[in-house]
Amino acid sequence: MEILNYTISEKTKAEIDEITKSFARPVEYADMKEAGVTGMGAVYYNNPEKYIVFLSCELKPDDFETNLMCELNHIRQVEEKYPYAYLKNSEVVRNEQNPMFFSYLDHSIQSAIRDFDVIDRLKKSGHSTRFYIEKRLEQILKIDKSSNMADKYNYASFGIQYIMFCLTAESSELETARNFLNENFDGIADKIAPMAEKIKEIGFSTPLQCAKCLLYVIDSFNLWDVEIVVFEDEKIKTHNACVKFFEKHN
């Protein structure tokens, strides 16, 4: 099997065949450069005839295969009706001078929550996710030290990425990031780390578990002025609705 000039291993070919056989649409692959955005991968869902998976062609073969399976797993999650969130048409969103700020925050939260499940599955199937973790550590160590973490939206945007790092990095990498962040941002790593433990306690391998993780993160960062969560036929828009959801699905 060849995908974007990469020769796919027999092991990954079998995984691709298994995961795509139940998809409602066929999958087409394209170079990430054609998407017009930066990153290692993305899925275009709007074509009713096919899924288009964009992939970076600048990765080593093993990392390319891992990245490919990551994006296919995100399609699986959509087909299995994993929860999602979207922005409220609230005053704070309408008045934001940078129109992409809240879109990025919304995307980051959903992407990270779904990645908990995907990365766990990739590891269990024998794929190395080292290149993802190394990239995150690099980004953490380059964070602008003048960032205003007193702003709850900046804090949440960073926080969800650090939670993901906590759940995937090795202990030595965690210590490097923790020391840097605590020193430069008033103990921020120690404040956020318990949230990663709570996510681990909730679990993230089913749509319901991911819904609880999504709600937990949005509630913990007090983002109900900008976010709505959808799970099956429920729309959760407030802290009280979040509490009732957890009581109902205890």
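As shown above, the structure is provided for reference.
Heads up: these notes are all about the structure in this document. (Residues numbered from 1 in each chain as written. Predicted model: local features only at pLDDT ≥ 70, side-chain atom pairs only at ≥ 80, totals over all residues. Heavy atoms only, no water.)

### Some remarks on the packing of helix H7 (residues 171–184) against helix H8 (residues 188–202)
Two numbers describe how H7 lies on H8: the axes approach to 7 Å, and their chain directions differ by 125°. Compared by their axis directions, H7 and H8 come out oblique. Touching Arg178, Leu181 and Asn182 of H7 are Ile188, Ala189 and Asp190, all from H8. A class-by-class count of the residues in the contact of H7 with H8 yields three nonpolar, one polar and two charged. (Axes fitted to C-alpha atoms, helices over the stretch in contact; angles between N-to-C directions. Helix = DSSP H or I, 4+ residues; strand = E, 2+ residues; numbered from the N terminus. Parallel < 35°, antiparallel > 145°, perpendicular 65-115°, else oblique. Contact = heavy atoms within 4.5 Å. Nonpolar A, V, L, I, M, F, W, Y, C, P; charged D, E, K, R; others polar.)

### Points about the nonpolar core
Among the nonpolar cores identified, the biggest contains 54 residues, and Tyr162 and Ile163 are the most heavily contacted of them. At the level of secondary structure, the elements contributing two or more residues to this core comprise helix H4 (101–124), helix H5 (130–141), helix H6 (152–168), H7, H8, helix H9 (207–220), strand E7 (227–231) and helix H10 (239–248). Tallying contributions element by element places H6 first for this core, with 10 residues. When residues no more than four places from it in sequence are discounted, the contact partners of Ile163 are Phe116, Ile192, Met195, Ala196, Ile199 and Phe221. Ile8, Val53, Leu72 and Phe131 belong to the second-largest nonpolar core, a separate cluster that totals 21 residues. (Core = buried A, V, L, I, M, F, W, Y, C linked by side-chain atoms within 4.5 Å. Buried < 20%, exposed > 50% of the residue type's maximum accessible area, 1.4 Å probe, protein only.)

### Observations concerning the side chain of Asn182
Considering the arrangement of structural elements, one finds Asn182 in helix H7. You can call Asn182 buried: its relative accessible area is 17%. For Asn182, the side chain forms a polar contact with the main-chain nitrogen of Ala189, separated by 3.0 Å. Apart from the residues lying within four places of it in its own chain, the contact partners of Asn182 are Gly187, Ile188, Ala189 and Asp190. (Polar contact = N/O pair within 3.5 Å; in protein donor to acceptor, adjacent residues only side chain to side chain.)

### What to know about the side chain of Thr66
Within the fold, Thr66 resides in helix H2 (residues 61–79). Each residue touching Thr66, except ones within four places of it in the same chain, is listed here: Leu122, His127, Ser128, Thr129, Phe131 and Tyr132.

That is the geometry; function is a separate question.
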